[in-house]
Amino acid sequence: MTPLTLAFMGTPEFACPALEALVEAGHRIAAVYSQPPRPAGRGQRDPPSPVQRLAEHHGLEVRTPASLKSESEQAAFRALGLDAAVVVAYGLILPPAVLTAPRRGCLNIHASLLPRWRGAAPIQRAILAGDAETGITIMQMDKGLDTGAILTQERSAIEPDDTAATLHDRLSLMGARLILEALDALAAGRLEAKPQPAEGVTYAAKLERQEARIDWREPASLIHRRLRAFTPWPGLWFEAKGERLRVLDMRPLPIGTGEAPGTILGPAGQAALAVACGEGTVLAVEQLQRPGKKPVAAADLLRGFPLEAGTRLT
């Protein structure tokens, strides 16, 4: 391995394994860029991002500009004398002056098989779409939104029980391993940048809270994918008896119904709570959480919070 002088630019937990891997591999991290601390949670005061905490643990210089558009910030970045910058879910736009400052450019770790799922939420959108696989792309960044040339890719199957959380963790580790391989190949002149194909482009829009409310008119398979895609955030929910109930576990049942979507069917098979969905399908709701309460099995919830068969959820 040839040690390189790098900047690391990332913010959330997803980026941490890559930073850890670069440090352990012996690359020189000239500076770590992360988004500024922001208020998070009741009583907390501007906690640093996961990347900032990890960088400080390793004694690395941390920079948290609100923007990289100013000439002073760009000059400070150029002054680092970088071989390359590694960018992982940073969250700020990199101006052309930043993209071109490192000798070998800026390399991005993106959690999809580009050009599929460019954008902010590739993991969740892949699950929601029912994709059979996803993966990691190491990309040479340009001024577009995830449009840069592909340096290397690796695939990963999306398992039937994968949630956004499990896929997030698996892909973050894959990205950490793949960026080390890419940097070694880059330093040795063995890495060929290939333009992204024009076909197959999709966009992974940012998740919105309102997407997490169950629409019982959708088929059971899609509602179940929503649960997997929106775990852990924003969490799938529906309203009943004036309360918002969060669904933590559910499964489609291999039975059909002629009832209107949203109708509570009561027990069905071994399910304590079955609900009619679109296209005559049925979901078993298996674990729920009332506001301010602990998660419980559906059967336990129904003992203190009865939901009668024939009731229509909207």
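So, here's what we can say about the structure.

**Topic: the overall build of the protein**
In step 1: The secondary structure content of the protein amounts to eight helices and 15 strands.
In step 2: On the principal axes, the C-alpha backbone points of the protein span a range of 70 × 45 × 30 Å.
In step 3: Burial analysis of the protein (314 residues in total) assigns 49% to the buried set.
In step 4: Taking the contacts inside the protein whose residues are at least 6 apart along the sequence as the reference set, 64% of them involve residues at least 24 apart.
In step 5: Positive and negative side-chain charges in the protein, numbering 35 and 34 respectively, have mean positions lying 4 Å apart.

**Overview of the packing of helix α1 (residues 16-25) against helix α6 (residues 164-187)**
In step 1: Look at α1 against α6: their axes get within 8 Å of each other, and the N-to-C directions meet at 40°. Looking at the two axes, α1 sits oblique to α6. Seen along the crossing, α1 lies across α6 with a hand that is right-handed. Counted together, Pro17, Ala18, Ala21, Leu22 and Ala25 of α1 and Ser172, Leu173, Ala176, Ile179, Leu180 and Leu183 of α6 form the full contact between these two elements.
In step 2: Residue composition of the contact of α1 with α6, grouped by class: ten nonpolar, one polar and no charged.

The rules we used
- Residues numbered from 1 in each chain as written.
- Predicted model: local features only at pLDDT ≥ 70, side-chain atom pairs only at ≥ 80, totals over all residues.
- Heavy atoms only, no water.
- Helix = DSSP H or I, 4+ residues; strand = E, 2+ residues; numbered from the N terminus.
- Buried < 20%, exposed > 50% of the residue type's maximum accessible area, 1.4 Å probe, protein only.
- Contact = heavy atoms within 4.5 Å.
- Lys, Arg positive; Asp, Glu negative; His and termini not counted.
- Charge placed at Lys NZ, Arg CZ, Asp CG, Glu CD.
- Axes fitted to C-alpha atoms, helices over the stretch in contact; angles between N-to-C directions.
- Parallel < 35°, antiparallel > 145°, perpendicular 65-115°, else oblique.
- Left-handed = near helix turned anticlockwise from the far one by under 90°.
- Nonpolar A, V, L, I, M, F, W, Y, C, P; charged D, E, K, R; others polar.

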